[in-house]
Amino acid sequence: MSLTAVLLTIGIAAPGFASLLALLPGVRRAIRHLGVIGAAFGLTAALALAILVGVSGQATTIRLGADDGLWFGVTADRLTVLLLLLVSFVNTVVQVFARRQLLGDDSAAQFVIRSGLLISATAAMVTSASVITLAAGWTASGLALIALVSMHWPQPAARDAARHTARMILIGDTALWVAVVLHLTHGGTQDISALSPAPDAGPVTGTVIAVLLVVAAAARCAQLPFHRWLSASLVAPTPVSAILHAGVVNAGGILLVRLYPLVGATWWATGVTFAVAAVGTVYATLIMLARPDIKGALVYSTIAQMAFLLLACSLGLLAAAISHLIAHGMFKSTLFLGSTSTVGSHVRHEDEPALAPLSRIRLVALGVLSITVAAASVAALAGVLRPESHASGAVLMAFAALTAASAGWGWIRRKPTGSGVAILLVAVPLMAGAYLTILTAITRFLDQDLAPMGVAAAPAWAFAALLVVLVAVWFAPSQARRFPRAAAWLYAHALAAGQPIRFQPRAMTAPHTMPYPHLHGVVPVPHVGRPLVAMPEPASEGVRL
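Criteria and cut-off values
- Residues numbered from 1 in each chain as written.
- Predicted model: local features only at pLDDT ≥ 70, side-chain atom pairs only at ≥ 80, totals over all residues.
- Heavy atoms only, no water.
- Helix = DSSP H or I, 4+ residues; strand = E, 2+ residues; numbered from the N terminus.
- Buried < 20%, exposed > 50% of the residue type's maximum accessible area, 1.4 Å probe, protein only.
- Contact = heavy atoms within 4.5 Å.
- Areas by Shrake-Rupley, 256 points an atom, 1.4 Å probe, with all protein chains shown as cover.
- Phe/Tyr/Trp six-rings, centres within 6.5 Å; stacked < 30°, edge-to-face > 60°.
- Lys NZ or Arg CZ within 6 Å of the ring centre and 35° of its normal.
- Axes fitted to C-alpha atoms, helices over the stretch in contact; angles between N-to-C directions.
- Parallel < 35°, antiparallel > 145°, perpendicular 65-115°, else oblique.
- Nonpolar A, V, L, I, M, F, W, Y, C, P; charged D, E, K, R; others polar.
- Core = buried A, V, L, I, M, F, W, Y, C linked by side-chain atoms within 4.5 Å.
- Pairing = 2+ DSSP bridges.
- Salt bridge = Lys/Arg side-chain N within 4 Å of Asp/Glu carboxyl O.
- pLDDT = per-residue confidence, 0-100.
- Disulfide = S-S within 2.5 Å.
- Expected span 1.5 Å × (residues − 1).
- Patch = residues over 30% accessible without salt bridge, like charges linked within 9 Å, V, L, I, M, F, W, Y side chains within 5 Å.

**Here we look at the overall build of the chain**
Then, number 1: If you tally the helices and strands in the chain, you get 20 helices and six strands.
Then, number 2: Taken over 545 residues, the chain has a buried fraction of 49%.
Then, number 3: Considering only contacts in the chain between residues 6 or more positions apart, those separated by 24 or more positions represent 80%.
Then, number 4: Taken as a whole, the chain presents about 25900 Å² of accessible surface, with 68% of it coming from carbon and sulfur.

**Considering the packing of aromatic side chains**
Then, number 1: Throughout the structure, instances matching the rule amount to zero aromatic pairs.
Then, number 2: If you follow Arg-63 out to its NZ or CZ, it ends over the ring of Trp-71, 3.8 Å from the centre.
Then, number 3: The residue whose ring lies beneath Arg-220 is Trp-138, and the NZ or CZ to ring-centre distance is 4.3 Å.

**So, the packing of helix 10 (residues 251-258) against helix 13 (residues 294-314)**
Then, number 1: Between helix 10 and helix 13, the shortest axis-to-axis distance is 9 Å and the interhelical angle comes to 5°. Taken together, the axes of helix 10 and helix 13 are roughly parallel relative to one another. Between helix 10 and helix 13, the contacting residues are Gly-252, Gly-253, Leu-256 and Val-257 on the first element and Leu-309, Leu-310 and Cys-313 on the second.
Then, number 2: Here the residues of the contact of helix 10 with helix 13 are counted per class, giving five nonpolar, two polar and no charged.

**Focus on the nonpolar core**
Then, number 1: Phe-111 and Leu-176 are the most contacted members of the largest nonpolar core, which has 118 residues in total.
Then, number 2: With 13 residues, helix 13 is the largest single contributor of residues to this core.
Then, number 3: Residues in contact with Leu-176, not counting those within four places in the same chain, are Leu-134, Ala-135, Trp-138, Leu-213, Ala-216 and Leu-255.
Then, number 4: If you look at the next biggest cluster of nonpolar residues, it comprises 14 residues, including Ala-50, Val-53, Val-74 and Val-81.

**What about the pairing of strand 2 (residues 72-76)?**
Regular strands place side chains that alternate from one sheet face to the opposite one.
Then, number 1: Burial within strand 2 is extensive, with four of its five residues counted as buried.
Then, number 2: Pairing of strand 1 (residues 60-64) with strand 2 involves five bridges; the strand directions are antiparallel. By the bridge assignment for strand 2, Thr-61 is matched with Thr-75.

**Overview of the pattern of salt bridges**
Then, number 1: By the definition in use, this model includes three salt bridges.
Then, number 2: Across the pair Arg-163 and Asp-160 runs a salt bridge whose closest N-O atoms are separated by 3.3 Å. Of this pair, Arg-163 and Asp-160 both sit in helix 6 (residues 156-185), three residues apart, roughly one helical turn.
Then, number 3: Salt-bridge contacts for Arg-291 lead to Asp-293; the nearest nitrogen and oxygen are separated by 2.9 Å.
Then, number 4: For Arg-291, a relative accessible area of 13% translates into the label buried.

**Here we look at unusual backbone geometry**
Then, number 1: In this model, Leu-224 is joined to Pro-225 through a cis peptide bond whose omega is 0°.
Then, number 2: Looking at the element boundaries, Pro-225 is found in the loop between helix 7 (203-220) and helix 8 (228-232).
Then, number 3: Phi angles above zero are rare outside glycine, and Ala-222 is one such case at about 60°.
Then, number 4: Mapped onto the secondary structure, Ala-222 falls in the loop between helix 7 and helix 8.

**Comments concerning the side chain of Ser-19**
Then, number 1: Mapped onto the secondary structure, Ser-19 falls in helix 1 (residues 3-22).
Then, number 2: Aside from chain neighbours lying at most four places away, what touches Ser-19 is Val-112, Ile-113, Gly-116 and Leu-117.

**Remarks on the environment of Thr-302**
Then, number 1: Mapped onto the fold, Thr-302 is located in helix 13.
Then, number 2: Spatially, the C-alpha atom of Thr-302 lies 9.3 Å from that of Met-288, the residues being 14 residues apart in sequence.
Then, number 3: For Thr-302, the contacting residues outside a window of four places in its chain are Leu-230, His-245, Val-249, His-328, Lys-332 and Phe-336.

**A short note on the confidence of the model for the chain**
Then, number 1: In the predicted model, the chain carries a mean pLDDT of 81, and the fraction of residues at 70 or more is 84%.
Then, number 2: Segment residues 503-545: pLDDT under 50, and 50 contacts once partners within four positions in sequence are set aside and those in other chains are kept.

**Examining the state of the cysteines**
Then, number 1: As enumerated under the stated definition, the model contains zero disulfides in all.
Then, number 2: Not engaged in a disulfide, the cysteine Cys-221 finds its nearest cysteine sulfur in Cys-313; these two sulfurs lie 8.2 Å apart.
Then, number 3: With a relative accessible area of 0%, Cys-221 lands in the buried category.

**Here's the deal with the packing of helix 1 against helix 2 (residues 31-56)**
Then, number 1: At their nearest, the axes of helix 1 and helix 2 sit 8 Å apart, and the two run at 170° to each other. Taken together, the axis directions place helix 1 and helix 2 in an arrangement best described as roughly antiparallel. Across from Leu-3, Thr-4, Leu-7, Leu-8, Ile-10, Gly-11, Ala-14, Pro-15, Ala-18, Leu-21 and Ala-22 in helix 1, the residues of helix 2 making contact are Ile-31, Leu-34, Gly-38, Phe-41, Gly-42, Ala-45, Ala-48, Leu-49, Leu-52 and Val-53.
Then, number 2: Here the residues of the contact of helix 1 with helix 2 are counted per class, giving 17 nonpolar, four polar and no charged.

**Let's talk about helix 18 (residues 418-445)**
Then, number 1: With 28 residues, helix 18 should reach 40 Å at 1.5 Å per residue; the first-to-last C-alpha distance of 41 Å fits that figure.
Then, number 2: Taken residue by residue, helix 18 has Gly-420, Leu-424, Val-428, Ala-432, Gly-433, Leu-436, Leu-439, Thr-440, Ile-442 and Thr-443 as its buried positions.

**Quick notes on a nonpolar patch on the surface**
Then, number 1: On the surface, Leu-3, Val-6, Ile-10, Ile-37, Phe-41 and Leu-52 cluster together into a nonpolar patch covering about 510 Å² of accessible area.
Then, number 2: Those elements giving two or more residues to the nonpolar patch turn out to be helix 1 and helix 2.
Then, number 3: Within the element layout of this structure, Val-6 appears in helix 1.
Then, number 4: Under the relative-accessibility criterion, Val-6 is labelled partly exposed at 30%.

**Observations concerning the environment of Thr-122**
Then, number 1: With respect to the helices and strands, the residue Thr-122 is situated in helix 4 (residues 108-126).
Then, number 2: The class for Thr-122 is buried, based on a relative accessible area of 0%.
Then, number 3: Residues Thr-122 and Gly-247, 125 residues apart in the sequence, show an inter-C-alpha distance of 6.3 Å.
Then, number 4: Apart from the residues within four sequence positions on either side, Thr-122 is in contact with Val-87, Ser-141, Ala-246, Gly-247 and Val-248.

**Side note on helix 5 (residues 131-149)**
Then, number 1: The end-to-end C-alpha distance of helix 5 is 27 Å, a good match for the 27 Å that 19 residues give at a rise of 1.5 Å each.
Then, number 2: With respect to burial, helix 5 is a largely interior element, 14 of its 19 residues being buried.

In structure tokens form, the structure reads like this:
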């Protein structure tokens, strides 16, 4: 066995092997260290593998099974090792954090066991060499995800979250397995590196296969109407929310990138992908702006970002999709891990003296300056680096310019001074240059491992229209005072839409009461004009405050 194959095996199996060791008797004292040790071995192997494959450019495949039958295998090419590095890195950071954050928590051992199995299954999925291996790793990671969400099973909220997550995972996994079976029974190849539409599948069957793959990706990426499982998962500890960004919630983008020759061959699949992602982007952004809790806002921000990931796939911008997947995975997992300290930082921010209001003319001038600097920076650097040469790439550059302008606007509003303008003139070009440089480097690095743009890629004008809608949504809160009734209606509906749902509600036609013995009476819950959802049954001794 070659060195590359050994490193690939260690990178995939190390987290899961540490989980199995945690099941052995006599290791309870060291169990919280096993997650970190397994993650460290996996990350070291993935890093060494990325260097070997990145320098040589040669792929290595490990296969099990007959050539003329079904076979399982994993491969190490530039795309898969990059994804494996992301999975291993996020897992290592989360395990180090969880080692202290879950200290004294009864569920700490379960987190180590279940998260290790999740990471190994995800690593096998992202490095899969055949569609059977991909589907098997996909299902295994889904089962581990359900186990992680149900860590606090005695709690009713945890049971509801696990059931809802299981339903959404079942829908997505069923769609994926049906697509795989249809592809193989119609003469399609198992080898992902040589993937193409099944030769015996007609236009209708090929379209059904592609659309089923889109359904599987949408379910795992928490897109409408499968989105509520992600917000329900917040009942689990914070490390669970963070580790989902190690190739779990973003697995839908990985699926579409790796199986793009099937999805990009039909207009129905790319059109459905674009439509689902466009609706999800706007919907999740509205709810994110309305959520008052930091983790709830982060969840819907993730849904919006996953929708953007699917948008890039529908446009055929696979390198941009991988860039976004990696950047978002590392950034958002860090935000979740830091969410516990957000309340303290918010209090410190509120204690700071309020900024003096700026005049309308000065606000307009600063806004024009931010947009001009961002647009000029992106246009100049894109002309030099040329990360994407087609129309969809040009729209992507416009999105990058809007993002840079938004960041610059946020900064200059907080520091509208000469030094603030000077920092703006330096920081915005640096940010734009860093983004375009990374995008160009990943595009060239993965050039031989990514499929070319499909014949049925979504049109660039649709993406441009969506950007206009997103800009309007982003600036909607600033117009709340001009349209108070519309703003109140939109805020109330967005806030209600983001609330988690509960299963098996019991409708009541009379006010419900809960005993509070120390109050020597009962506290009624008033009727609000519609059937109420029953509150959890109180304990026999009442509810302690």
